[in-house]
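# Working through the structure, step by step
What follows is each chain in one-letter form.
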Amino acid sequence: MQKANINWGELGFKYQKVDKVYVSRWKDGRWDDGVLQDDDKISISISATALHYGQQCFEGLKAYTTKNGDIQLFRPDMNAKRLQNSCKRILMPEVPVDKFIDACLKVVEANERFVPPYGTGATLYLRPFVIGNGDNIGAGPAPEYIFCVFGIPVGPYFKGGFKPVKMTTAKYDRAAPYGTGGVKVGGNYACGMLPHQVAVEEGFADCIYLDPETHTTIEEAGTSNFFGITKDNKFITPDSPSILPSITRNSLLTVARDYLGMEAIEGEIKIDEVDQFEEVGACGTAAVITPIGSITYNGKKHIFHSEEVAGTKITKLYETLHGIQFGDIEAPEGWIVKLQKECAK
Ligand SMILES: *Cc1c(COP(=O)(O)O)cnc(C)c1O
């Protein structure tokens, strides 16, 4: 199969049109079978709830090419279940897990020439989403829904090497204590754009949100979860209902415990006790891990390991999970779903 003419190593995180997108519609209580279409535009009602009331949720996962040329997804069942939780929270019909995984595999297969080759560090990023549609101007659930999956080739995250970033705490909240922070709904991201821009203007890569109730414990960044590693080798990541449960974070808990012999803990991290950590990082599908060199809180800068180079433990965590995702290191059972290709392609 002839790959698309793309300089894989130079790819960023940008939208581009590929060959096919998957679209399925829900009406009268059921999802249709879905189609693969060439057009990357969908037509929706101007009164769609997705446009007015934020009745929308999404996912993000990647397809990886392994050394022997197989294409594989990493824990897509976890994304499917998380999308179901998001749908439930904002009264949208759930997409069955099998339908979700099948749609992702169809998009990968139909766009195989855009799946970056092994060794480039690039991947095919998949963006499944569900939106409320139909003619309905009242602030209630929509009469119709669309489930769509598209894919784009994206570059290796760390072009200049695996280097730490500087962060600051945010003076805003991204979620309310009993709000929607724990689900991946669009509304959580619109409200994070200003705090992110403020942090960038102050010279930081991003901001870290504190818990919305007391502003004393660390929650997460706008699109990634947080973790720290103590001097005595404990991997700790916050546990809160207003944090979006990252699949990378969940996977790192297993990697830390079962592959690297660390103690892996989900628990409260007080911002006042952040100096207990030797190394800290943010994690998510896009970058896997972003090492954090310093956090500025209340005008004081807390440095972890170094602002210039990543620590050894965080590097080991990154290499191990990255290796599992690209098939270089054996994955725990059930983590990998391979694209079944016809033999004579
Ligand atoms: C998507 C997301 C993450 C990362 O989740 P992964 O499943 O690891 O990609 C973390 N925090 C927020 C707020 C997110 O939206």
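Everything quoted here is computed from the prediction, not taken from an experiment.

Turning our eyes to something else, we now look at the domain arrangement of the chain. Parsing the chain into structural domains produces domain 1 (8-156) and domain 2 (165-325). A separation of 26 Å is found between the C-alpha centroids of domain 1 and domain 2. Between domain 1 and domain 2 lies a buried interface of about 1,700 Å² when both sides are counted; carbon and sulfur atoms form 60% of it. The largest share of the area that domain 1 buries against domain 2 comes from Phe58, Phe74 and Arg82, three residues that together contribute 35% of it. For the pair domain 1 and domain 2, the interface holds zero salt bridges. At the junction of domain 1 with domain 2, the criterion picks out nine residue pairs in polar contact (both at pLDDT 80 or more).

To continue, consider the packing of helix H5 (residues 247-259) against helix H6 (residues 312-325). Running from N to C, H5 and H6 point in directions that differ by 110 degrees, and their axes come no closer than 10 Å. In this view, H5 runs roughly perpendicular relative to H6, as classed from their interaxial angle. The residues of H6 that touch H5, namely those facing Thr248, Ser251, Leu252, Val255, Ala256 and Tyr259, are Leu317, Thr320, Leu321 and Ile324. Taken together, the residues of the contact of H5 with H6 sort by class into seven nonpolar, three polar and no charged.

Quick look at helix H4 (residues 187-201) now. The largest bend along H4 reaches roughly 30 degrees and is located at Met193, with the proline Pro195 sitting one to four residues downstream. Among all positions of H4, only Asn188, Tyr189, Gly192, Pro195, Val198 and Ala199 are buried. Looking at the buried positions of H4, the neighbouring elements they touch are strand E4 (56-58), strand E9 (165-169) and strand E10 (206-210). Backbone geometry just after H4 places Gly203 at a positive phi near 95 degrees.

Quick notes on the rules
Residues numbered from 1 in each chain as written. Predicted model: local features only at pLDDT ≥ 70, side-chain atom pairs only at ≥ 80, totals over all residues. Heavy atoms only, no water. Domains from an automatic or database assignment. Buried area = accessible area lost by both parts, 1.4 Å probe. Salt bridge = Lys/Arg side-chain N within 4 Å of Asp/Glu carboxyl O. Polar contact = N/O pair within 3.5 Å; in protein donor to acceptor, adjacent residues only side chain to side chain. Axes fitted to C-alpha atoms, helices over the stretch in contact; angles between N-to-C directions. Helix = DSSP H or I, 4+ residues; strand = E, 2+ residues; numbered from the N terminus. Parallel < 35°, antiparallel > 145°, perpendicular 65-115°, else oblique. Contact = heavy atoms within 4.5 Å. Nonpolar A, V, L, I, M, F, W, Y, C, P; charged D, E, K, R; others polar. Bend = angle between axes of the 7 residues up to and from the residue. Buried < 20%, exposed > 50% of the residue type's maximum accessible area, 1.4 Å probe, protein only.

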